[in-house]
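# Commentary on secondary and tertiary structure
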Amino acid sequence: MEKDIQQRSEHLPVHVAIIMDGNGRWAMERGMPRTQGHLEGVKRVEEIIKAARDAGIKFLTIYAFSTENWTRPSEEVSMIMRTFIQVLGQKARDLDKNGVRINFIGRRQGIPQEVLKAMDKAALLTRDNAGMTLNIAFNYGARGEIVDAVKSIAQRVAAGLVKPDDIEEKTVSSFLYTKDQPDPDLLIRTSGEVRISNFLLWQLSYAELYFTDKCWPEFNEQEFLKALSTYAQRERRWGGVKVS
Ligand code: IPE
Ligand code: IPE
Ligand code: MG
């Protein structure tokens, strides 16, 4: 029994990243407006955060809004912004009680003031929690993140603080939004799309990828546990050979 638990925890990902996709299609297929899909999606966000925490996941990163999502119709964008403010206002306290630290990743520039205010409040309220870190990727784009990191490193080089020869992989990592966090072990994408869509390009180098046809509003705790058990059966080799 003890060995079981030990084995299970060895095969549990420390960091899970999720591309929550398919809200719009889920709603349209049911004759509802796309926005209804986002509302249903919010329920799954709550459910999956709780499931991840209960399973003992230490870092959960969810893709909520990309730098490319601004190109959507303005009514949809403003609906997402309003919902985001509301949900943060309503749920931050619960998450805090459950020991979740809320951390935002993405560019602040371009996010409306009221949204930033709700984000800052949630982050401040939960900043000392050690149970699980929830990274919410909002106005996030991986290429933008890498560009920002390169700029910061270049500025340090120009100021004579860093020598070009001293730049290592860990230097780059330390300038990303996810600095001080382990890379994701498992990436989940819902909705049947099989692409990365500008998400965590650097950090996903050796992540296990899990794609499911379920749309995000259908991705419940059971589906999440299925993804975890698939992960547990994968053999990660990191470019090496199997050690038996
Ligand atoms: C994911 O669902 C949520 C966001 C990107 C905000 P979509 O809105 O992308 O839904 P589909 O992919 O169009 O069905
Ligand atoms: C990725 O989904 C972004 C989020 C889930 C927030 P998209 O729906 O924006 O990605 P594409 O357009 O299918 O690549
Ligand atoms: Mg989509």
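Look up: the structure comes first, before these words.
A brief structural summary.

Conventions adopted
Residues numbered from 1 in each chain as written. Chains lettered and ligands numbered in written order. Predicted model: local features only at pLDDT ≥ 70, side-chain atom pairs only at ≥ 80, totals over all residues. Heavy atoms only, no water. Axes fitted to C-alpha atoms, helices over the stretch in contact; angles between N-to-C directions. Helix = DSSP H or I, 4+ residues; strand = E, 2+ residues; numbered from the N terminus. Parallel < 35°, antiparallel > 145°, perpendicular 65-115°, else oblique. Left-handed = near helix turned anticlockwise from the far one by under 90°. Contact = heavy atoms within 4.5 Å. Phe/Tyr/Trp six-rings, centres within 6.5 Å; stacked < 30°, edge-to-face > 60°. Buried < 20%, exposed > 50% of the residue type's maximum accessible area, 1.4 Å probe, protein only. Near = heavy atom within 4 Å. Polar contact = N/O pair within 3.5 Å; in protein donor to acceptor, adjacent residues only side chain to side chain. Areas by Shrake-Rupley, 256 points an atom, 1.4 Å probe, with all protein chains shown as cover. Pairing = 2+ DSSP bridges.

### Topic: the packing of helix 3 (residues 34–55) against helix 4 (residues 74–97)
Contact geometry of helix 3 with helix 4 gives a least axis separation of 11 Å together with a crossing angle of 25 degrees. Between helix 3 and helix 4, the angle falls in the class roughly parallel. Seen along the crossing, helix 3 lies across helix 4 with a hand that is right-handed. From helix 3, Arg 34, Thr 35, His 38, Leu 39, Val 42, Glu 46 and Ile 49 reach across to helix 4, where they touch Glu 76, Met 79, Ile 80, Thr 83, Val 87, Lys 91 and Leu 95.

### Digging into the packing of aromatic side chains
Per the counting criterion, the structure on display carries ten aromatic pairs. Pairing Phe 84 with Phe 104 gives two aromatic rings, centres 6.2 Å apart and planes at 90 degrees, and the pair type is edge-to-face. In this pair, Phe 84 is assigned in helix 4 and Phe 104 in strand 3 (residues 100–105), connecting sequence segments 20 residues apart. Phe 104 sits in the buried class, given a relative accessible area of 18%. Three or more aromatic residues joined by ring pairs make a cluster, and in this case those are Phe 65, Trp 70, Phe 84, Phe 104 and Phe 138.

### Focus on the environment of Val 16
If you trace the backbone, Val 16 turns up in strand 1 (residues 15–19). For Val 16, a relative accessible area of 0% corresponds to the buried category. Spatially, the C-alpha atom of Val 16 lies 9.1 Å from that of Ala 207, the residues being 191 residues apart in sequence. The residues contacting Val 16, other than those within four sequence positions of it, are Ile 57, Phe 59, Leu 60, Thr 61, Leu 186, Ile 188, Phe 224 and Leu 228.

### So, the site of ligand 2
In the vicinity of ligand 2, the contacting residues are Ile 19, Met 20, Asp 21, Tyr 63, Ala 64, Phe 65, Asn 69, Arg 72, Arg 189, Arg 195 and Ser 197. A distance of 2.9 Å separates an oxygen atom of ligand 2 from a polar atom in the side chain of Asn 69. A distance of 2.6 Å separates an oxygen atom of ligand 2 from a polar side-chain atom of Ser 197. Relative to its free-state accessible area of 390 Å², ligand 2 is covered by the protein chains to the extent of 77%. Counting residues per element, the shell around ligand 2 draws most heavily on strand 2 (residues 59–66), at three residues.

### Thoughts on the sheet that holds strand 3
In any sheet, the strands associate via hydrogen bonds between backbone groups, in a parallel or an antiparallel arrangement. With parallel pairing, six strands are arranged side by side in an open sheet as 3-4-2-1-5-6. Of all strands in the sheet, those with a lone pairing partner are strand 3 and strand 6 (208–211), marking the two edges. Averaged over all pairs of adjacent strands, the angle between their axes in this sheet comes to 20 degrees, without regard to strand direction. Pairing of strand 5 (residues 186–189) with strand 6, which is carried by four bridges, proceeds in the parallel orientation. Bridge pairing in strand 6 places Ile 188 opposite Tyr 210. Sheet contacts for helix 4: strand 2, strand 3 and strand 4 (132–140); angle to strand 3, the most-contacted strand, approximately 155 degrees. Lying on the sheet, helix 5 (residues 113–126) is in contact with strand 3 and strand 4; it crosses strand 3 at an angle near 145 degrees.

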